[in-house]
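Residue-level listing of the chains:
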Amino acid sequence: MTHDEMIAKARAHMGPFDRRDSFGVSSDVFTEARVREAALVVLGSQKRDDYIDVYVDRLTGEFITATYHPGLGRCE
C-alpha cells in the first residue's frame, strides 16, 4: 500500500468520528498528512489482566504513543 493510499484509508476511517463530532472539529480541516511506519509492542503479564500497547517508529524505535488497557484480558 502506498503512503497516499494509507492516508486515504485513514481519512475514510475518520468518517464515523466526524459524524459523531468526537473531536469537536471535522477531520477535513486537517489538510496536511504524513505517514509514519510504526511497530506495535504489547506489554503484558501472565499475572495481570491489563496490558499496554506501545507504538514506536519501525525504523528508529522513537516513541509515538501508548495506550493502557485496564482489565481487558491478557497480552496475546
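Worth saying up front: this structure is predicted, and the values here are computed from it rather than measured. (Residues numbered from 1 in each chain as written. Predicted model: local features only at pLDDT ≥ 70, side-chain atom pairs only at ≥ 80, totals over all residues. Heavy atoms only, no water.)

Q: Kindly report on the overall build of the protein chain, identifying the contributing residues and their values.
A: Regarding its fold elements, the protein chain presents one helix and three strands. Relative to its length of 76 residues, the protein chain is extended, with a C-alpha radius of gyration of 16 Å against a globular reference of 11 Å. With respect to the three principal axes, the spread of C-alpha positions in the protein chain is 45 × 30 × 20 Å. In the protein chain, which comprises 76 residues, the proportion classed as buried is 14%. Summed over its atoms, the accessible surface of the protein chain is roughly 6,200 Å², and 55% of this surface lies on carbon and sulfur atoms. (Helix = DSSP H or I, 4+ residues; strand = E, 2+ residues; numbered from the N terminus. Rg over C-alpha atoms; globule rule 2.2 N^0.38 Å. Buried < 20%, exposed > 50% of the residue type's maximum accessible area, 1.4 Å probe, protein only. Areas by Shrake-Rupley, 256 points an atom, 1.4 Å probe, with all protein chains shown as cover.)

Q: Describe the pattern of salt bridges, with residues and values.
A: When their charged atoms lie close together, side chains carrying opposite charge are able to pair. Evaluated as defined, the whole model comprises four salt bridges. E37 is the partner of R58 in a salt bridge, and the nearest nitrogen-oxygen pair spans 3.2 Å. Linking R58 in the loop between β2 (51-57) and β3 (63-69) with E37 in the loop between α1 (3-19) and β1 (38-43), this pair joins segments that are 21 residues apart in sequence. Salt bridges here are not isolated pairs; linked through shared partners, they connect R36, D57 and E62. (Salt bridge = Lys/Arg side-chain N within 4 Å of Asp/Glu carboxyl O.)

Q: Could you give an account of the environment of I52, with specific residues and numbers?
A: Within the fold, I52 resides in strand β2. In this structure, the C-alpha to C-alpha distance between I52 and A66, residues 14 residues apart in sequence, is 6.8 Å. Those residues in contact with I52 that sit more than four places away from it in its chain are V41, V42, L43, A66, T67 and Y68. (Contact = heavy atoms within 4.5 Å.)

Interpretation note: all reported values are geometric properties and have no functional meaning in isolation.
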